[in-house]
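Each chain, written out:
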Amino acid sequence: MVELRSRYLGLELRTPLVASASPLTGSLDGLRRLEAAGAGAVVLPSLFEEQLTLEAREVGRLLEAGAESLSAAVALDDYNAGPYGYLALVEKAKATLQIPVIASLNGVTRGAWVEHATLLEKAGADALELNIYFVSSSPGLGGSDVELRYLDLVRAVRQAIGVPLAVKLSPYFSSVANLARQLVEAGANGLVLFNRFYQPDLDLDTLEVTPRLVLSSSEELRLPLRWIAILHGHMGRASLAASTGVHTAEDAVKVLAAGADVAMMTSALLRHGPEHLTVVEAGLQDWLEGRGMPSVDFLRGLRSQRSVPDPAAWERANYITMLATHPDQIRTEAR
Ligand SMILES: Cc1cc2nc3c(=O)[nH]c(=O)nc-3n(C[C@H](O)[C@H](O)[C@H](O)COP(=O)(O)O)c2cc1C
């Protein structure tokens, strides 16, 4: 058997296949199925800043009271079910599962709500993922101001907790590599590349804006693949997780070869069920075994751009080569 054990955020995982945040990880039943199918770790769905801002005063009171049993606090209090129900989910998940449980917060601004991270840690979360979902739509707000917000928030959450912190970010920055490094310096122990933005559509009959959830496909893997390959080896001890477009064992092999510590999956598991993890793990085993690789560590980062002296020039050269060598395909697609 090929050794699949992997480390992510300092945690020991049985395999590098992780179930990312989604409704599947939001119930004990879903979590049990994911563990049974072989998930190396699970990321719970996010709690939102908006939910927690309402609760910030109560959170402060709980912290002051030094609530010993958060479950008891949940039972006693008649607060908004969201945040407290979430704490109960973390506690139950920890009591039920053997694999690491990563809680998730989604926010954009520093504020009292960040203290909730402390409660997630007390409830037993092995690590925290901070999803910063900020769509900057103000023409007056510059790119560096947006980045400062990110860094500010990461510092605040880092101060609030002792467990490892991962930051899930979008690819839409002018210098992803620079921001990645700054996030690590601000206290991120890992980066999740990337968050997938929800993009609403327009209904042409009603001209209404319609929410449209489209699951990803393997085609979308190339964006995280490229950035993991570029960042691998440049983030100190921080971990890298690939998210978006991991559907098959081949997809997992690619992101691991690029240098990801773990490959995260949501769309594939929603489409095929948690048991799909078993298929991907078997495929990963077969692939490694077929190439005589003794462990996943042997593969990890083998095709990163660490050995390329100037990745930007290399990327540009590849782009030019692609255009130069596929003129027929380009002409066909342009028609
Ligand atoms: C229905 C659904 C719910 C999701 N909920 C969350 C969430 O609560 N927090 C989060 O950080 N990401 C959430 N995501 C994003 C996924 O964790 C993942 O990053 C994204 O779907 C890209 O990965 P994939 O290509 O494997 O689907 C959600 C995705 C879907 C499809």
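Reference entry: report on the structure contained in this document. (Residues numbered from 1 in each chain as written. Predicted model: local features only at pLDDT ≥ 70, side-chain atom pairs only at ≥ 80, totals over all residues. Heavy atoms only, no water.)

**Considering the overall build of the chain**
Scanning the chain for helices and strands turns up 14 helices and 12 strands. Among the 335 residues that make up the chain, the fraction classed as buried is 50%. Carbon and sulfur atoms provide 53% of the accessible area of the chain, an area that totals close to 16,400 Å². (Helix = DSSP H or I, 4+ residues; strand = E, 2+ residues; numbered from the N terminus. Buried < 20%, exposed > 50% of the residue type's maximum accessible area, 1.4 Å probe, protein only. Areas by Shrake-Rupley, 256 points an atom, 1.4 Å probe, with all protein chains shown as cover.)

**What to know about the packing of aromatic side chains**
Here the structure, examined in full by the defined rule, presents one aromatic pair. For the pair Y150 and F173, a centre-to-centre distance of 5.2 Å together with 85° between the ring planes defines the contact as edge-to-face. Of the two residues, Y150 sits in helix α6 (residues 143-160) while F173 sits in the loop between β7 (165-169) and α7 (176-185), which places them 23 residues apart along the sequence. For the pair Y150 and F173, one class covers both residues: buried. (Phe/Tyr/Trp six-rings, centres within 6.5 Å; stacked < 30°, edge-to-face > 60°.)

**Examining the packing of α6 against α7**
Contact geometry for α6 and α7: axes closest at 9 Å, N-to-C directions at 25°. Here α6 lies roughly parallel to α7, going by the angle between them. Classified by chirality, the crossing of α7 by α6 is right-handed. Contacts from E147, Y150, L151 and V154 of α6 reach α7 at L179, Q182 and L183. A per-class count over the contact of α6 with α7 returns five nonpolar, one polar and one charged. (Axes fitted to C-alpha atoms, helices over the stretch in contact; angles between N-to-C directions. Parallel < 35°, antiparallel > 145°, perpendicular 65-115°, else oblique. Left-handed = near helix turned anticlockwise from the far one by under 90°. Contact = heavy atoms within 4.5 Å. Nonpolar A, V, L, I, M, F, W, Y, C, P; charged D, E, K, R; others polar.)

**Concerning the layout of surface pockets**
Put simply, the largest pocket is a space of about 1,000 Å³. In terms of lining, the largest pocket is formed by 39 residues, of which the most central are N195, R196, F197, Y198 and L213. Those elements that provide at least two residues to the lining of the largest pocket are β4 (41-48), β5 (101-106), β6 (127-131), β12 (262-265) and α10 (267-272). (1 Å grid on protein atoms, 1.4 Å probe; cavity = no way out; pocket = protein on both sides within 12 Å on 5 of 7 lines; lining within 4 Å. Points joined across faces, edges and corners; volume = space filled by probe spheres on them.)

**Some details on the side chain of S295**
By the element assignment, S295 lies in the loop between α11 (276-290) and α12 (296-299). If sequence neighbours within four positions are ignored, S295 has contacts with V2, E3 and L288.

**Here we look at the pairing of β12**
With burial as the criterion, each face of β12 is covered, one bearing V262 and M264 and the other bearing A263 and M265. As judged from the three bridges shared by strand β3 (residues 17-19) and β12, these two strands associate in the parallel manner. Residue V18 lies in a different strand from β12, and its bridge partner there is M264. For strand β11 (residues 239-242) and β12, the ladder comprises two bridges, and the chain directions are parallel. If you follow A242 over to β12, its bridge partner there is A263. Handedness of the crossover is the feature at issue here: the chain leaves β11, passes through helix α9 (residues 249-258), returns alongside β12, and the resulting connection is right-handed. (Pairing = 2+ DSSP bridges. Right-handed = clockwise from strand over helix to strand, strands pointing away.)

**Concerning the site of the ligand**
Near the ligand you find 19 residues, and of these A21, S46, N131, S216 and S267 are the closest. One of the backbone N or O atoms of T244 is found 3.4 Å from an oxygen atom in the ligand. Between the ligand and S267 there is a distance of 2.5 Å, counted from an oxygen atom to a side-chain nitrogen or oxygen. Look at the ligand: alone it shows 610 Å² of surface, and the protein chains cover 87% of it. Cavity membership is defined here by more than half of the atoms lying within 2 Å of grid points; on that basis the ligand lies in the largest pocket. Elements supplying a minimum of two residues to the shell around the ligand: β4 and α10. (Near = heavy atom within 4 Å. Polar contact = N/O pair within 3.5 Å; in protein donor to acceptor, adjacent residues only side chain to side chain. Sits in = over half its atoms within 2 Å of the grid points.)

**A closer look at the nonpolar core**
One finds L183 and L191 to be the most contacted residues of the largest nonpolar core, which totals 79 residues. Residue contributions to this core peak at eight residues, all from α6. Core analysis: the next-biggest nonpolar cluster, separate from the first, contains 14 residues, L9, V43, A127 and V192 among them. (Core = buried A, V, L, I, M, F, W, Y, C linked by side-chain atoms within 4.5 Å.)

**Quick word on the packing of helix α8 (residues 222-231) against α9**
Packing of α8 against α9 brings their axes to within 8 Å, and their N-to-C directions diverge by 25°. By the angle between their directions, the pair α8 and α9 is classed as roughly parallel. Within the contact between the two elements, α8 uses L225, I228 and A229 and α9 uses K254, V255 and A258. Of the residues belonging to the contact of α8 with α9, the class tally is five nonpolar, no polar and one charged.

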